[in-house]
Amino acid sequence: QYSPDSVAGADGELDPTEVTFPGCSCRSSSCVAPECPCLSRGQNYSSLGLRLAEQQEQPFSRPVFECNSLCCCGEGCQNRLVQRGLQLRLQVFRTRRKGWGVRALQPIPRGSFVCEYAGEVLGFAEAHRRIQAQSPEEPNYIIAVREHLHDGRVMETFVDPTRVGNVGRFLNHSCEPNLFMVPVRVDSMVPKLALFAAADISAGEELSYDYSGRFLNSPGASREHKPLEEENSLRKPCYCGSRTCASFLPWDSSLFSTP
């Protein structure tokens, strides 16, 4: 079932459509920092683009909060981007070795929002149950996003587009990707998993991101551990073809192990 936005999963634990953030009272057509409380909470898109251009490796990233449905600013506000959804012409196509993939049908400038990775938003228990029910031959679409807070806490988001999702579910992994993922919050603490262009992308070029989330993280920021040899039998081979290909798709055993 195609859905441009994420929906509540069958467990009903999280509802991504629920509005829990207060709106800003900005009366201008487009909000600016530091006057706008939404922009003051975290990073704005102009600073995100600057950081990308400079390829800075910082020990942390500031969160991104968009203006929401309770805000007084207009629909044309510069702080409303991901919530507008897909604006580009993309095509799902059959690749030679990787199954389905997604390519751009138009040039995409670096820093542009491309699409969201949308699906059912699940709690850990349901995500774990679904992973355990899969056979090794089945494709796994469940993504686990972990955000590490300054006080040591970890916020986890699980999105499963297997049954309900959008074009993002067809994006392939690459060890040298041209997209990177940013959790963007609009109405609540349940983030939209937004994918942005990491470089200028040509029409006809396949779109990809690093499933481990390493891009724009400091070295070692990924929680992916070096798998034991016996775990390699459970891993899927990587066919990205990049010079730095790791031979296997990223592996995170937390959803596969018994709690």
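Residues numbered from 1 in each chain as written. Predicted model: local features only at pLDDT ≥ 70, side-chain atom pairs only at ≥ 80, totals over all residues. Heavy atoms only, no water.

1. Considerations on the overall build of the chain
- Looking only at helices and strands, the chain features 3 helices and 12 strands.
- Relative to its full complement of 259 residues, the chain shows a buried share of 44%.
- Put simply, 67% of the contacts in the chain that link residues at least 6 apart link residues at least 24 apart.
- Summed over its atoms, the accessible surface of the chain is roughly 13,700 Å², and 52% of this surface lies on carbon and sulfur atoms. (Helix = DSSP H or I, 4+ residues; strand = E, 2+ residues; numbered from the N terminus. Buried < 20%, exposed > 50% of the residue type's maximum accessible area, 1.4 Å probe, protein only. Contact = heavy atoms within 4.5 Å. Areas by Shrake-Rupley, 256 points an atom, 1.4 Å probe, with all protein chains shown as cover.)

2. Some remarks on the sheet that holds strand E7 (residues 143-148)
- Strand order across the open sheet formed by 4 strands is E1-E6-E8-E7, with mixed pairing between neighbours. A strand with exactly one partner marks an edge of an open sheet, and here the two such strands are strand E1 (7-8) and E7.
- Taken together, the 6 bridges between E7 and strand E8 (residues 154-160) define a ladder with antiparallel strand orientation. By the bridge assignment, Ile 143 is partnered in E8 with Val 159. (Pairing = 2+ DSSP bridges.)

3. Thoughts on unusual backbone geometry
- The amide bond that connects Ala 33 to the next residue, Pro 34, takes the cis arrangement and shows omega of 5°.
- Topologically, Pro 34 is positioned in the loop between E1 and helix H1 (37-40).

4. Examining the sheet that holds strand E10 (residues 179-185)
- Pairing in this open sheet of 4 strands is mixed, and the strands run E2-E10-E11-E5 from one edge to the other. Each having just a single partner strand, strand E2 (64-65) and strand E5 (113-116) make up the two edges of the open sheet.

5. Regarding the pattern of salt bridges
- Throughout the structure, instances matching the rule amount to 11 salt bridges.
- Among the salt bridges present, the one from Glu 116 reaches Lys 192, with a minimum N-O distance of 3.6 Å. Taken together, the positions of Glu 116 in strand E5 and Lys 192 in strand E11 (residues 192-197) put the pair 76 residues apart, joining distant regions of the chain. Each member of the pair, Glu 116 as well as Lys 192, carries the same accessibility label: buried.
- Linked by salt bridges that have partners in common, Glu 120, Glu 126, Arg 129, Arg 130 and Asp 160 make up one network. (Salt bridge = Lys/Arg side-chain N within 4 Å of Asp/Glu carboxyl O.)

From the geometry alone we can't say anything about function, so treat these as descriptive.
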